[in-house]
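Notes for the structure review
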Amino acid sequence: QCSSIGELHHAIASNLMTKQHVHAELGEVVAGTKPGRTSSDEIIIFDSTGMALQDVIAASTIYKKAVDKGIGRTLDLAQ
C-alpha cells in the first residue's frame, strides 16, 4: 500500500528508489522474520497509510520513549 498510494510512492515515481530498496515491513520486524536497525547510522522510515489513529499512537509511543531516554530535540513550530 505504501508503494502504491503512500509517501513511498512519490519516491518511486521520482526514480529516487525502488520497492527493492525497502528492507522490511513493520510486521516482519515485529515478527522477527527480518531484523530492524543493526547500527545507529541506519535510518528507519515509518509510512503508515490508512488510519490516522495508528499514526497518533506510533508518534506518541516514539515521543514518550525519546523523552524517557533524554534524546531528540524540541522544535518551536510557532515561528
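What comes next concerns the included structure. On a predicted model such as this, the values are computed, not experimentally measured, just so you know.

Looking at the overall build of the chain
Broken down by element type, the chain carries three helices and zero strands. Scaling as 2.2 N^0.38, a compact globule of 79 residues should have a C-alpha radius of gyration of about 12 Å, whereas the chain reaches 15 Å, well beyond that. For the chain, the C-alpha atoms occupy an extent of roughly 35 × 35 × 25 Å along the three principal directions. Among the 79 residues that make up the chain, the fraction classed as buried is 11%. For the chain, restricting intrachain contacts to residue pairs at least 6 apart in sequence, the fraction spanning at least 24 positions comes to 28%.

Considering unusual backbone geometry
Backbone geometry at N15 places phi at a positive 60 degrees, although glycine is not the residue there. Along the chain, the position of N15 falls in the loop between α1 (7-13) and α2 (26-31).

Focus: the pattern of salt bridges
Scanning the model with the defined rule gives one salt bridge in all. As a salt-bridge pair, E28 and K34 come within 3.9 Å of each other at their nearest N and O atoms.

Focus: helix α3 (residues 52-69)
Between its first and last C-alpha, α3 extends 26 Å over 18 residues, near the 26 Å set by a 1.5 Å rise per residue. Trailing α3 by a residue or two, G70 shows a phi angle of about 70 degrees, which is positive.

Conventions and cut-offs
- Here the residue index of a chain counts from 1 through its sequence in written order.
- Reporting of local features is limited, given that this is a predicted model, to residues whose pLDDT is at least 70; pairs of side-chain atoms are given and counted only at 80 or more, and all residues count toward the totals for whole chains, interfaces and linings.
- The side-chain figures draw on all heavy atoms in the structure; neither hydrogens nor water molecules are used.
- Secondary structure elements follow DSSP: runs of H or I no shorter than four residues count as helices, runs of E no shorter than two count as strands, and numbering proceeds from the N terminus.
- Radius of gyration: C-alpha atoms only; globule rule: 2.2 Å multiplied by the number of residues to the exponent 0.38.
- For every residue, the accessible area obtained with a 1.4 Å probe (protein chains only) is divided by the maximum for its type, and the residue is called buried under 20%, exposed over 50%, and partly exposed between those limits.
- Two residues form a contact once any of their heavy atoms are found within 4.5 Å.
- Salt bridges are counted wherever a side-chain nitrogen of Lys or Arg sits within 4 Å of a carboxyl oxygen of Asp or Glu.
- Between the first and last residue of a helix there are one fewer steps than residues, each counted as 1.5 Å, and that sum is the expected span.

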